Structures are given as C-alpha cells and as structure tokens.
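Examination of the molecular architecture
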Amino acid sequence: MTAAGANAIVSTVSSDDEPLLSVRGLSTSFFTAAGAVRAVDEVSFDIPRAKTVALVGESGCGKSVTALSILRLITPPGRIVAGEVRFAGQDLLAIRDRELRAVRGNRIAMVFQEPSTSLNPVLTVGYQIAESLRVHRGVSRKEARARAIELLRRVRVPSPEERVDAYPHQLSGGMRQRVMIAIALSCDPELLIADEPTTALDVTVQAQILELLRELQASSGMSILLITHDFGVVAEVADEVVVMYASRVVERAAVRELFARPLHPYTRALFESLPRVGSARERRLRAIPGVVPSPLDHPTGCRFHPRCTRVVDACRAFEPRLREWRPDHRAACDRIESA
Amino acid sequence: MSERQPGALVEVSRLEKHFPLRKGLLRRSRGIVRAVDGVSFQVGAGETLGLVGESGCGKTTTGRALLRLLEPTSGRVLVDGRDILRLGGRELRALRRDLQVVFQDPYASLNPRMTVGAIVEEGLTIHRIGSRAERREKVARVLDRVGLGASCAARYPHEFSGGQRQRIGIARAIVLRPRFIVCDEAVSALDVSIQAQIVNLLAELQEELGVAYLFIAHDLALVEHLSDRVAVMYLGEIVESAPTRELFDRPLHPYTKALLDAIPVPDPERRRTRIVLAGDVPSAIDPPAGCRFHPRCAVAVRGLCDTRAPRTIAVGAHEVNCHVVEDELSRAGTTFAVREGDESRARDQR
C-alpha cells in the first residue's frame, strides 16, 4: 500500500489544475468487408483528478470503443486512426508497447460490464487479484496473497480469508464485480475506467457497488471514467458528463449544469423520454422517433437530424461543431437559441 | 389476494413451481428450488399488474407457469373462472388464444428462418382462423398497427433492429386479439430512446383492444408508468402489492422500501445517502426460515421474523407480508384484514 502510494505520487509530475487525462480528436475505425466503420469520431474530453466523468449514450454510440482506445485495446480490424490521449504528461497513443504495459492495469485500470466473462473460471479469485501485483510490483506469492485478502476486505467482500480461495462460479454477480474492482484497485490506479460496471446487476446490488466506488474515490483520490447508458447512475455519481451520439460527442458539461439545462436536442429528448419514479403518471412517454443510426451509414450533416424536431435544411448539409454555449458547457448544435 | 374481485380476468392462487435439483451420477434429488412458492394475485380485464423483483425472485417463472409454458407444481389459475391447469387438449388450445406472451430477448424469441409474415401468421394458422387471404390481410393490418408497415411481411427478423423486432413480437401477440398478455421484461433490452416507443405502443394497444397485461420488469420507473397495480416479489413470494400510486407513495414492506430507494434518480440535486441493502438475494434452494427477507432486513425482530413466516394482511387494497408492519399497524390502531393465516402457510421447513 505505502510503496504503491508513494509510486503514484512520484509519477504525478504535472501541475494540479491540469487534467489527469485528456483525449483530443480521438478517432477509431473498424475496417470491415462492408466498409470502414468510424466507431469513434474526433472525440475530445478531459478527466480531472479525483473526479468522475460519465460517458453516456445508447448502444453503438462509440462509448465503449472510446474507453478501449484510451488503453489501446483495439484489435484488428479496428485501428486508432487519429488523436492524442495525454495521461500525466505522455501521449498513450505514441509511447512504446513496453511503456504502455507499465500504465495499463497499473496506473490506469479497467472494470468491465460482465464480471462472469472477464474472470478466469479455473483460477481462484485470490490468484487473479495477486496476478497484477506480481506482474507490476514483483511481490512474492505470500505477500500477494496477503494483499489480495486486504483488497477483498476493502471492496467489502465478507470473510475475505475464505473467499480468497473461491472460484468465480462460487460467487454471486455482485461479489464477482467486487472482485473485478479489487483486481483493478490492486496497483492503486490513478484512473479507473469502468464500462457499465453495474448494468448486469440488480438495483440493490448496483446501489452497493456505486456506493463502494464513491467511497474508494474519496479515500484514494483516483479519477473514474464511468461508461453507462443510465442517466440515473450518471446523476448519482458523475461530476462531469460527456454525451455521445453516433460516434461523436454531442454535449459536454458539469452534471448539475447538464441536468438543469440540457442544450442539445438529443440530450433533451433523452431526458424527456425517461419514465421517472414519483412523477405523475402520464399516459405517454415522449419517445424519440426513428432508430439509432448504424455506424456504417451515418446521416449527412448533423447525425441526429433525421430524429430531431428542430431540424432545418442546414442541419442536413453541415455537421455542427462542439461550441461553448455557456461557461464549460459545450454542445454540437447550431440551432440552440443563445443559452 | 385471495378474495375474488368481481371482473377478475385472471386469478392466480397459491401458484407453486418447484424444480428438483439433481446432482451426481444417479441424478439423485438433492433438494428443491422453490422458484415460485405460493403466489396469488388477480388481473382485471384491461388492467395492468406490474410484477417487480430482482433476478432470481421468480417473476419470470410466475409468468411462464401461469400460462403453462412451464407446468406448475400446484396452485390454481382461473381465466374467466375456468382453471387452466385442469384443462387439456382442445379446451386448453382454445383458451390459449386469449393468453399471449412477449419475451425479453427480441433476438432469441423470433425464428430466424421464418419471414416476419409467417411468424405473425402462425397463431392464426394454428387456430384455423380465416382463409389464407384473410389471414394475410390480418397480418398486414397488424404489422401496420405496430408501426412496421405491411411490406415487412416478406423480410426476415435479422433485417430488423432490436426495437423493430420487439414490434414483431408484439404483432405476433396481438394478432389473435388476446385478452391477456404476459410482457416478460419486454422492453428491458432496448435503448432508452426506443424503450419509450415500445412502452407507448403497449399503452395504445391496451386502450384500443382492452387487453390486460402482466408487466414483469425490474425497472421500477417503467412499472410505475405502465401499471395500475404493482406486486413486489422476493424469493418466490409476493411480499407486497398495492395500487401503483399507493405503493410508490407509501411502501410498507422493508424490502419494497429498500428497492425503491436503490433506484438511481436522474436528478443530481437529489443525490442522497440511501438505505443500502446488505448482501445478495439468497438462493431459492434453501430459503431462510421465517420471513425470507429477514437476513437482509434492518428491522427484523429476533425470535419472530427468523422463525415464523409472516401472514398477508390488508389495509384496503394494500397487502403486505411483514411481522413488523403488522405490529406497527396494530399499535397504531389501524384496522386490517388477514388474508392468509399462518396455518394455511404451514409449509415444511425441512
């Protein structure tokens, strides 16, 4: 713990107001038989230190590919075609594989949606937690096991001394996700990327995991990039929000600002289409017409125009740029009456 | 739950579905999974009953057992006063016209080798309704009604998105003009912007056709939006049921309270410390003795909640199974009715 903590502090060379991670003009394409699919298209955003940034959007909008691109986990036929990912002073897209391996799973860790498929079924959870410590920190087997027990306790797994020898199938979904988080935390990461970490879980278990992430952030000061489709989760845990639609960022703002004043017609329509607990029972939800476009066939101009209620001719021809309409509140729409 | 309301279309009483758990070479029985363990409720004509609970609580099994897609272990399911569990052959088939289902996974529930037209027409063919031309005409009308357009009939399911496939599933369910549809997590797999379209379609169809829904879901906000009444399940049992407004405004059961509290609210101004429920849903193989919720319950009383199963008590249309609530109501002098006594629920505790 102390060694890892000191390590993290030493490596923090950049100044405090500089974001921990900044993504600039990130584009990732998949070169398939059906043509090149631009899954992430010129995406830019920052992750400040000790804050949680939520990346939200519907399935296929490019949010998971964005996360995978940050860690260069894109495999052929996919390729990162442009952009920069600056992390504590270095561009992760430009450094060598060996340097990247020192960052991945160590200073930046990742938790995926399906804890049942991301854990190895034939290894004990203790072994899997210890693995990254042995790789990145070179600690002994015995020490790694002791650390694994300590980590299981930190993520509130009951009777960790026994669970350390359990196999994944012996644990519930919520417990498995705690194990995934323990693995991610093993090297005291500065950034945790969590891709839909609670989507496969029940609401009461989801509440436990979100609470745990909040506590861990408060005690360790790590930043979190949370990928989700659930605006309820966003409102609960995020400090800043990045909304994606059809491979692009359409809106970016602090969480309270975004919920109080959504600017982009897509964000507004999404908010209106949500059924909310406690709201008067209306007979109809305000649905967004049409379907989410396929990344193989993005509409011309603004990608949301076929589903937008405020569409004009210009929307079909020109793709709007992300513009700052209010302090630190950006939206990619030219039809916003000055906010 | 057990008192018959006039006009109840579907009346389920003490429905049970147990699965034997077999292990080892000789497939010896090693216990019983009590997936549904004495569930009773009613659904009136044109009404929506929401059935909520976490995974493994038995809500899906309840939906399937009452349609006899899974043969129930015991219980009674009356449709218009006729027990469908005692019907066989032709009578059952005739009654099935009135009972339909829309499944969760729009990818797994449509036969990929059949055209959309054939999928929707199948029910009509089975029930020998109309001539070939009349059936085609009906299919075209229904596809149009669910927003797909009659021209889709010749295409195959893989050509459609998730939301459109769910429209196909709905078309298949309504083509026979049923009076009751079990919607099992029918919109859970869809994106938010598409979910609202399907929810609206279900609401419109209910108005037009007067169909009743059993809306099974884990998303409480959706259930609140669509349901007239809501029943909450935990480990194979219904622990609370009430008219929707009442249940969401005045939940009584500690589990319902925790469940409602756990929903993330899309409003950053309302971030708060919540009742975080400890532990996971226990296994239905060996459910806890007494009240099944007691190991996770913050207000459980030792020597009572862990030994005796609570009975169902009712204040008006609000029914709940909880010793603590019963005690509080008695002390407050609130009058309540006892729906199911302990003796009728004297199940073997092994």
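Overview of the structure.

Parameters at a glance
- Residues numbered from 1 in each chain as written.
- Chains lettered and ligands numbered in written order.
- Predicted model: local features only at pLDDT ≥ 70, side-chain atom pairs only at ≥ 80, totals over all residues.
- Helix = DSSP H or I, 4+ residues; strand = E, 2+ residues; numbered from the N terminus.
- Rg over C-alpha atoms; globule rule 2.2 N^0.38 Å.
- Buried ≥ 20, exposed ≤ 12 C-beta atoms within 10 Å, placed from the backbone.
- Contact = placed C-beta atoms within 7 Å.
- Nonpolar A, V, L, I, M, F, W, Y, C, P; charged D, E, K, R; others polar.

Points about the overall build of chain B
The number of helices and strands found in chain B is 10 helices and 13 strands. Here chain B has a C-alpha radius of gyration of 21 Å; the compact-globule value for 350 residues is 20 Å, and the two agree. Considering only C-alpha atoms, chain B reaches an extent of 70 × 55 × 50 Å along its principal axes. Taking all 350 residues of chain B together, the buried fraction comes to 47%.

Regarding the interface of chain B and chain A
With 34 residues of chain B at the interface, the matching set in chain A holds 38 residues. Within the residue set of the side of chain B that touches chain A, elements represented by two or more residues are α6 (192-209), α7 (220-226) and α9 (254-262) of chain B. Of the residues forming the side of chain B that touches chain A, the biggest block, 7 residues, is contributed by α6(B). Taken together, the residues that form the side of chain B that touches chain A break down as 18 nonpolar, 8 polar and 8 charged.

Here we look at unusual backbone geometry
Note that the residue after Pro76(A), namely Pro77(A), is joined by a cis bond; omega there is 10 degrees. Within the fold, Pro77(A) resides in the loop between α2 (63-70) and β4 (78-87). Although it is not a glycine, Ala246(A) sits at a positive phi angle of roughly 45 degrees. Secondary-structure assignment places Ala246(A) in the loop between β9 (240-245) and β10 (248-254). With 22 C-beta atoms packed within 10 Å, Ala246(A) lands in the buried category. The phi torsion at Leu235(B) lies on the positive side, around 45 degrees, for a residue other than glycine.

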